Amino acid sequence: GDFVQGNNASVDADLAHCLTEEEELLIIQRLHQVVRPFLLRRTKQQVLADLPEKREVVVWIPLSDWQEALYNRGTSCIEHIVSDGGKGLKAHQVARITELRKAVNH
């Protein structure tokens, strides 16, 4: 029982007595050497200076059949909303506008 599970408090105490302060510092120093390559030490401003200028390319592609059907259904709903002056916008109408946006963005 005791041998398998061990007593962590006594093991920690034994290890603390085994290492000198100099040995502990050497272990910590070695650990820092091993970990250092994996630490990110650059700030956002430093990284931004190394990045190329941002380019945006817009590629127009035709709507799929599903997108076109959804788009046509949405535009007819929007035409009705616009002709009403947008007054009294109902939740289902907002949902249609959202569907339209999803159709053209996916």
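A few points on the structure. Every residue gets a number counted from 1 within its own chain, in the order that chain's sequence is written. pLDDT decides what is reported in this predicted model: residues at 70 or higher carry local features, side-chain atom pairs at 80 or more are listed and counted, and totals for whole chains, interfaces and linings draw on all residues regardless. As a rule here, side-chain values come from all non-hydrogen atoms in the structure, and water together with hydrogens is ignored.

**With respect to the overall build of the protein chain**
Here comes step 1: Looking only at helices and strands, one finds six helices and zero strands in the protein chain.
Here comes step 2: Per-residue accessibility, obtained with a 1.4 Å probe over protein chains only, is compared with the maximum for each type, and a residue is labelled buried under 20%, exposed over 50%, and partly exposed between these values. Out of the 106 residues in the protein chain, the part that is buried amounts to 8%.
Here comes step 3: Summed over all atoms, the accessible surface of the protein chain reaches about 10,100 Å², with 58% contributed by carbon and sulfur. Numbering of helices and strands runs from the N terminus; a helix is a DSSP stretch of H or I covering at least four residues, while a strand is a stretch of E covering at least two. In this description, accessible areas are obtained by the Shrake-Rupley approach with a 1.4 Å probe, and a residue is regarded as covered only by the protein chains that are shown.

**Observations regarding the pattern of salt bridges**
Where charged atoms from two side chains of opposite charge approach closely, those side chains can pair.
Here comes step 1: Note on definitions: salt bridges are taken to be side-chain nitrogens of Lys or Arg within 4 Å of carboxyl oxygens of Asp or Glu. Counted by the stated rule, this structure contains one salt bridge.
Here comes step 2: Between Lys 54 and Glu 56 there is a salt bridge, and its shortest N-O distance comes to 3.6 Å. In this structure, Lys 54 and Glu 56 share a single accessibility class: exposed.

**Here's the deal with a negative patch on the surface**
Here comes step 1: Exposure above 30% relative accessible area and the lack of any salt bridge qualify a residue for a patch; like charges then connect within 9 Å, and the nonpolar side chains Val, Leu, Ile, Met, Phe, Trp and Tyr within 5 Å. Lys and Arg are tallied as positive, Asp and Glu as negative. Neither His nor the chain termini are counted. By convention, the point assigned to a charge is CZ for Arg, NZ for Lys, CD for Glu and CG for Asp. Side chains of Glu 21, Glu 22, Glu 23 and Glu 24 sit close together on the surface and give a patch of like negative charge.
Here comes step 2: Here Glu 24 shows up in helix H3 (residues 21–35).
Here comes step 3: We classify Glu 24 as partly exposed; its relative accessible area is 37%.

**Considerations on helix H6 (residues 91–105)**
Here comes step 1: Working rule for helices: expected span equals 1.5 Å times residues minus one. With 15 residues, H6 extends 21 Å from end C-alpha to end C-alpha; this agrees with the ideal 21 Å at 1.5 Å per step.
Here comes step 2: Every buried residue of H6 is accounted for by Gln 93, Leu 100 and Ala 103. An end-on view of H6 places all buried positions within 75° of arc, on one side of the element. More than 90 degrees from the buried face of H6, the exposed residues found are Ala 91, Arg 101 and Asn 105. The arc under discussion is defined with respect to the helix axis, by the directions toward the C-beta atoms.

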